[in-house]
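Each chain, written out:
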Amino acid sequence: YGPVSEAPSAIAAWIAGVLALWTALDWPIGALAGYLASAHMVQFLLITLVAPPLLLLGVPAGAWKTLSGRPRAVRILRLATHPLVALGVFQVTLLYTHMPSVVDRLMATQTGSFLIDSMWLTAGLVLWWPVVAPVPDRPRFGYPLKMGYLFLTTVLNTMPYAFLTFGELPFYGVYELAPPVMALTAREDQQLAGLLMKVGGGLILWTAITILFFRWYGREGEAEGPVPA
């Protein structure tokens, strides 16, 4: 199912998702992520909150149709991408990949860094699947619940945000010992990373919530029909 026959919006979404991943992993962000916790946080936002919904929106309609015709795969997806399961996967991944011991161990090697990126992308796809993907069909999970689901996601990042922003000492040895590339101390860089998580992540999620709200409002208006004169 090549994207040639797809709607221009789907093609644009797929290209934008690939570009978001490329931006996160290539120079300069990809290179700076080994030296700055703030650059590493920009990678996190792009890989988990920006690229996944765009990639899912860009999946060809034929692929979704084929997937919906495979009952076993749909049953597995229904469980694996249940909103509560998805929130749990995202939260566990968020906390685990920001633990100092994990970051210091994995960011020291290219293999470890790739593993973190892979966990982020997987968690992002799982998080956005109930909101964006049409398979499996969840008729009860309408626009209001989707907005509440994303709002809850904004709340769940409060713990790591506070951990990074209000910590009195740098937590990550890999960034504290890295050669300086900006006029920021390791603690200031860590605080900036925490603010990026909260403000940047909140901005992305609230943008998605706003889009869902207007789509819901538009659908409700269509259902009510024209107002009698």
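Residues numbered from 1 in each chain as written. Predicted model: local features only at pLDDT ≥ 70, side-chain atom pairs only at ≥ 80, totals over all residues. Heavy atoms only, no water.

### A closer look at the nonpolar core
Part 1 of the reasoning: Trp128, Tyr149 and Leu150 are the most contacted members of the largest nonpolar core, which totals 51 residues.
Part 2 of the reasoning: At ten residues, helix α3 (residues 37-57) tops the list of elements feeding residues into this core.
Part 3 of the reasoning: Setting aside residues no more than four positions away along its own chain, Leu150 makes contact with Trp128, Val131, Leu205, Ala208, Ile209 and Leu212. (Core = buried A, V, L, I, M, F, W, Y, C linked by side-chain atoms within 4.5 Å. Buried < 20%, exposed > 50% of the residue type's maximum accessible area, 1.4 Å probe, protein only. Helix = DSSP H or I, 4+ residues; strand = E, 2+ residues; numbered from the N terminus. Contact = heavy atoms within 4.5 Å.)

### Comments concerning unusual backbone geometry
Part 1 of the reasoning: In this chain, Trp27 is followed by Pro28 through a cis amide linkage whose omega measures 5°.
Part 2 of the reasoning: Here Pro28 is to be found in the loop between α1 (8-25) and α2 (29-32).
Part 3 of the reasoning: In this chain, Val135 is followed by Pro136 through a cis amide linkage whose omega measures 0°.
Part 4 of the reasoning: With respect to the secondary-structure elements, Pro136 resides in the loop between α8 (110-132) and α9 (143-156).

### Re the packing of α9 against helix α10 (residues 158-165)
Part 1 of the reasoning: The geometry of α9 relative to α10 is characterised by a closest axis approach of 5 Å and an angle of 25° between their N-to-C directions. Classed by the angle they form, the pair α9 and α10 counts as roughly parallel. The segment α9 lies against α10, with Thr154, Val155 and Leu156 engaging Thr158, Met159 and Pro160. (Axes fitted to C-alpha atoms, helices over the stretch in contact; angles between N-to-C directions. Parallel < 35°, antiparallel > 145°, perpendicular 65-115°, else oblique.)

### Re the packing of helix α6 (residues 83-96) against α9
Part 1 of the reasoning: Two numbers describe how α6 lies on α9: the axes approach to 11 Å, and their chain directions differ by 20°. If you check the angle between α6 and α9, you find them roughly parallel. Here α6 runs over α9; the crossing is right-handed. When α6 is examined against α9, the residues Pro83, Ala86, Leu87, Phe90, Gln91 and Leu94 are found in contact with a partner set consisting of Tyr149, Leu152, Thr153 and Leu156.
Part 2 of the reasoning: Among the residues making up the contact of α6 with α9, the classes are represented as eight nonpolar, two polar and no charged. (Left-handed = near helix turned anticlockwise from the far one by under 90°. Nonpolar A, V, L, I, M, F, W, Y, C, P; charged D, E, K, R; others polar.)

### Digging into α10
Part 1 of the reasoning: Where α10 is concerned, the buried positions are Pro160, Tyr161, Leu164 and Thr165. Angularly, the buried residues of α10 cover 120° about the axis, an arc narrow enough to put them on a single face. (Arc of directions from axis to C-beta.)

### Here's the deal with the layout of surface pockets
Part 1 of the reasoning: Volume-wise, the largest pocket comes out at about 690 Å³.
Part 2 of the reasoning: What lines the largest pocket is a set of 26 residues, among which Leu57, Val131, Val132, Leu212 and Arg215 lie closest to the centre.
Part 3 of the reasoning: Of all elements in the fold, only α3, α8, α9 and α12 (186-224) reach the threshold of two or more residues within the lining of the largest pocket.
Part 4 of the reasoning: The element contributing the most residues to the lining of the largest pocket is α12, with seven residues.
Part 5 of the reasoning: For the lining of the largest pocket, the per-class residue count stands at 19 nonpolar, two polar and five charged.
Part 6 of the reasoning: Considered as a void within the structure, the second largest pocket measures approximately 160 Å³ in volume.
Part 7 of the reasoning: In terms of lining, the second largest pocket is formed by eleven residues, of which the most central are Ala10, Leu56, Leu57, Val59 and Trp64. (1 Å grid on protein atoms, 1.4 Å probe; cavity = no way out; pocket = protein on both sides within 12 Å on 5 of 7 lines; lining within 4 Å. Points joined across faces, edges and corners; volume = space filled by probe spheres on them.)

### Some details on a nonpolar patch on the surface
Part 1 of the reasoning: Nonpolar side chains collect at one region of the surface, where Leu32, Tyr35, Val181, Met182, Leu184 and Leu192 lie side by side and expose about 460 Å² of accessible area between them.
Part 2 of the reasoning: Residue position: Tyr35 is located in the loop between α2 and α3.
Part 3 of the reasoning: The class for Tyr35 is partly exposed, based on a relative accessible area of 36%. (Patch = residues over 30% accessible without salt bridge, like charges linked within 9 Å, V, L, I, M, F, W, Y side chains within 5 Å. Areas by Shrake-Rupley, 256 points an atom, 1.4 Å probe, with all protein chains shown as cover. Salt bridge = Lys/Arg side-chain N within 4 Å of Asp/Glu carboxyl O.)

### Description of the environment of Ile29
Part 1 of the reasoning: Following the sequence through the fold, Ile29 ends up in helix α2.
Part 2 of the reasoning: Separated by twelve residues in sequence, Ile29 and Met41 have C-alpha atoms that sit 9.8 Å apart.
Part 3 of the reasoning: Not counting the four nearest positions on each side in its chain, Ile29 is found in contact with Thr23, Ala24, Ala39, Val42, Gln43 and Leu46.

### Considerations on the confidence of the model for the chain
Part 1 of the reasoning: Across the chain, pLDDT averages 92, with 93% of residues at or above 70.
Part 2 of the reasoning: Averaged over each element, pLDDT in the chain is lowest for α10 (91) and highest for α3 (98).
Part 3 of the reasoning: Taken together, the stretch residues 1-5 has pLDDT below 50 and engages in five contacts with residues farther than four places along the chain or on a different chain. (pLDDT = per-residue confidence, 0-100.)

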